[in-house]
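Examining the three-dimensional arrangement
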Amino acid sequence: MKINGKPYRTIWLAKDGWSIEVIEQTKLPHRLETIGLKSAEDCARAIKSMQVRGAPLIGACAAYGLAMALRQDPSDAHLTRTIAFLAEQRPTAINLRWALEEMRRAVVERPPNDRAAAAYRRAADLCDDDVETCRRIGVHGLEILKAIAARKKPGDPVNILTHCNAGWIACVDWGTATSPIYQAHDASLKVHVWVDETRPRIQGAALTAFELGAHGVPHTIIVDNAGGHLMQHGLVDLCIVGTDRVTANGDVANKIGTYLKALAAKDNNVPFYVALPHSTIDWMLDDGMTIPIEQRSADEVLKMTGRLPDGSIATVEIAAPGSPARNDGFDVTPARLVTGLITERGVCEASREGLAGLYPERRAS
Ligand code: MRU
């Protein structure tokens, strides 16, 4: 997608041909900066600190981190150690483990002196595959938006509510939840997005609003608790969110607060869609309640970071001194609250049958 007219991906190989550059997400929307990552340790640090975040993107970053590690030491022991080290940086998004497993498969049978080159090739493929996958999610999601637009008064926008950032900044390009929105906007279908601010790290206000604005998509930031009220007043036509892991039965883990939006959507007959690439499906789990939920620092709840009038960025305390806080990073929306899963292969029911219908090759797993 474009920022100030310039096309970007979120991750690319640096000029040296072996390190990577990424958009530094903790500085957005105040500053557009990139950082160079030159080792698996750099990649791990960027993933943990959420300079690089979003389920597909952390997988892509870890893939390159592994390639850099194999450039240093292509031994079996280092391969195994680095995969375990990168995978432990964030527990909920299955894409991280999926990408590392793809990388293992691409190199493990190769002689050590060929492993790094094979790893770089596979990491580049994973990035390109993510772009095409997300583009196709948009093609299928666009049909849903068109159908809703056809039922509205001519000229009225389709109002979409989204949570967190499942945009191109969370992927390599296009995004998952945002891909149908960008494709609708580019096709001159009128859309407007309600952007949940998404406390505590405000990925909605800081990232989703930034990228929608940069692409010219009309949007409005709302506080996290406003969605139900807007739905009661007929101001939301549908919700589209991303996800960090979908279990084989269609349960959906996503940023904390997603479940409450799904409940409100159900109560108000608002369709609730989840957009996801194949790499987000955990075929080994059959119950969302068994997904590991990342516990993050209480500081993220007790403090907020923003820009001061002089342009400097500052972090301030917002709570009574001494009060403890709890910070579950994700929640699980049961499949029964999900209207449909929008994948690169089409839209399906959030159920084992629905997913197996789209991915018949996984039926046996
Ligand atoms: O903790 P984050 O910001 O990495 O969480 C991101 C989300 O919850 C996204 O909605 C999800 O990863 C899907 S990204 C396409």
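For the structure itself, look to the data block above.
Heads up: these notes are all about the structure in this document. What you see is a predicted model; the values in this text were computed from it and never measured. (Residues numbered from 1 in each chain as written. Predicted model: local features only at pLDDT ≥ 70, side-chain atom pairs only at ≥ 80, totals over all residues. Heavy atoms only, no water.)

**Some thoughts on the overall build of the chain**
Worth spelling out the cut-off: Per the convention used, a helix needs a DSSP run of H or I reaching at least four residues, while a strand needs a run of E reaching at least two, with both numbered from the N terminus. Only C-alpha atoms enter the radius of gyration, while the globule expectation follows 2.2 Å times N to the 0.38, with N the number of residues. With a 1.4 Å probe rolled over the protein chains alone, any residue whose accessible area is under 20% of its type maximum counts as buried; one over 50% counts as exposed, and the rest are partly exposed.
Helix and strand content of the chain: 11 helices and 18 strands. For 365 residues, the compact-globule estimate of 2.2 N^0.38 gives 21 Å, and the C-alpha radius of gyration of the chain, at 20 Å, lies within 12% of that figure. Principal-axis analysis of the C-alpha atoms gives the chain an extent of 65 × 55 × 45 Å. Looking at the 365 residues of the chain, the share that counts as buried comes to 55%.

**Considerations on the side chain of Asn-165**
Here is the rule we go by: For this analysis, a polar contact is any N or O atom pair within 3.5 Å, provided that within protein one partner can donate a hydrogen and the other can accept it, and provided that sequence-adjacent residues contribute only side-chain to side-chain pairs. By definition in these notes, contact holds between two residues if any of their heavy atoms fall within 4.5 Å.
As for its placement among the helices and strands, Asn-165 is situated in the loop between β6 (158-162) and α6 (179-186). Relative accessible area serves as the criterion here: at 4%, Asn-165 is assigned to the buried category. Engagement of the side chain of Asn-165 in a polar contact is seen with the backbone nitrogen of Ala-170, the distance being 3.5 Å. Only 3.2 Å separates the side chain of Asn-165 from the side chain of Glu-211, close enough to count as a polar contact. Discounting residues that sit within four places of it in the chain, Asn-165 has contacts with Arg-53, Ala-170, Gln-203, Leu-207, Thr-208 and Glu-211.

**A closer look at the site of the ligand**
Note the following rule: Any residue with a heavy atom positioned within 4 Å of a molecule or strand is treated as near that molecule or strand. Residues are grouped as follows: Ala, Val, Leu, Ile, Met, Phe, Trp, Tyr, Cys and Pro are nonpolar; Asp, Glu, Lys and Arg are charged; every other residue, Gly included, is polar.
With respect to spatial proximity, 18 residues lie near the ligand, and among them Arg-53, Arg-90, Gln-203, Asn-254 and Lys-255 are the closest. At a separation of 2.9 Å, an oxygen atom of the ligand approaches a polar side-chain atom of Asp-244. Looking at the shell around the ligand, the elements that each hand over two or more residues are α2 (55-72) and β11 (252-255). Considered class by class, the residues forming the shell around the ligand number eight nonpolar, six polar and four charged.

**Considerations on the nonpolar core**
Most often, soluble globular proteins keep nonpolar side chains buried together rather than apart. In plain terms, the rule: In this description, a nonpolar core means a group of buried Ala, Val, Leu, Ile, Met, Phe, Trp, Tyr and Cys residues linked to one another through side-chain atoms lying within 4.5 Å.
With 78 residues, the main nonpolar core has Ile-11, Ile-20, Leu-145, Leu-238 and Ile-240 as its most contacted residues. The greatest single-element share of this core, amounting to 14 residues, is contributed by helix α5 (residues 112-150). Setting aside residues up to four positions removed in sequence, Ile-240 forms contacts with Leu-145, Ile-160, Leu-161, Thr-162, His-163, Ala-177, Tyr-273, Ala-275 and Ile-342. Val-241, Trp-283, Ala-335 and Leu-337 belong to the second-largest nonpolar core, a separate cluster that totals 30 residues.

**Quick word on the packing of α2 against helix α4 (residues 94-107)**
Axis angle and axis distance: for two packed helices, these are the angle between their axes and the distance between the axes, and together they describe the pair. Put simply, the test is: An axis is simply a line fitted to the C-alpha atoms; with a helix, the fit covers only the stretch in contact. Between two such axes, the angle follows the N-to-C directions and lies from 0 to 180 degrees. Each crossing is labelled by how the near helix is turned from the far one, with a counterclockwise turn of less than a right angle marking it left-handed and a clockwise turn marking it right-handed.
At a closest axis distance of 7 Å, the pairing of α2 and α4 adopts a crossing angle of 35 degrees. Where α2 crosses over α4, the two elements pack in a sense that is right-handed. Across the interface between the two elements, Ala-55, Pro-56, Ile-58, Gly-59, Ala-62, Ala-63, Leu-66 and Leu-70 from α2 touch Asn-95, Leu-96, Ala-99, Leu-100, Met-103 and Val-107 from α4.

**Quick word on the sheet that holds strand β3 (residues 11-13)**
Worth spelling out the cut-off: Here, any two strands with at least 2 DSSP bridges between them count as paired.
Taken in spatial order, the three strands of this open sheet run β3-β4-β5, and their pairing is antiparallel. Strands with a single pairing partner mark the edges of an open sheet, and in this sheet they are β3 and β5 (34-37). Mean inter-strand twist for the sheet, computed between neighbouring axes without regard to direction, equals 25 degrees. Direction of pairing for β3 relative to strand β4 (residues 20-23): antiparallel, over a ladder of three bridges. Pairing of Leu-13 across the sheet is with Ile-20, part of β4.

**Points about the environment of Arg-115**
Within the fold, Arg-115 resides in helix α5. For Arg-115, a relative accessible area of 4% gives the class buried. Taking the C-alpha atoms as reference points, Arg-115 and Ala-262, separated by 147 residues in sequence, lie 45 Å from one another. Apart from residues no more than four positions distant in its own chain, Arg-115 is found in contact with Leu-70, Pro-74, Ser-75, Asp-76, Leu-79, Val-107, Val-108 and Arg-110.

**Comments concerning the pairing of strand β14 (residues 303-307)**
Sheet topology note: the β14/strand β15 (residues 313-317) ladder contains five bridges and is antiparallel. Bridged to Met-304 within β15 is Val-316. Counting the residues between successive antiparallel strands, the hairpin from β14 to β15 contains five residues, one of them, Gly-311, with a positive phi of roughly 95 degrees.

**Some details on the packing of aromatic side chains**
Applicable threshold: For Phe, Tyr and Trp, where Trp contributes only its six-membered ring, two rings pair if their centres lie within 6.5 Å, and the inter-plane angle classes them as stacked under 30 degrees, edge-to-face over 60, or tilted in between.
Under the definition given, this model contains two aromatic pairs. With a centroid separation of 6.2 Å and an interplanar angle of 50 degrees, the aromatic rings of Tyr-64 and Tyr-120 are classed as tilted. With Tyr-64 in helix α2 and Tyr-120 in helix α5, this residue pair connects regions lying 56 residues apart in the sequence. Under the relative-accessibility criterion, Tyr-64 is labelled buried at 5%. The exposure class of Tyr-120 is buried, given its relative accessible area of 13%.

**Topic: α6**
The element α6 is largely enclosed, with a buried count of six among its eight residues. The set of residues buried in α6 consists of Ser-179, Pro-180, Ile-181, Tyr-182, Gln-183 and Ala-184. On its buried side, α6 packs onto α5, β6, β7 (191-196) and α7 (203-215). Ser-188 occupies a position one or two residues after α6 and carries a positive phi of about 65 degrees.

**Overview of the sheet that holds strand β13 (residues 281-282)**
With respect to topology, four strands assemble into an open sheet ordered β13-β10-β11-β16, the strand pairing being mixed. Each edge of the open sheet carries a strand with a single partner, namely β13 and β16 (330-333). Looking at chain direction, strand β10 (residues 245-247) and β11 are connected through two bridges and run antiparallel. By the bridge assignment, Val-246 is partnered in β11 with Val-252. Along the sheet, helix α9 (residues 258-267) makes contact with β11 and β16, crossing β16 at roughly 30 degrees.

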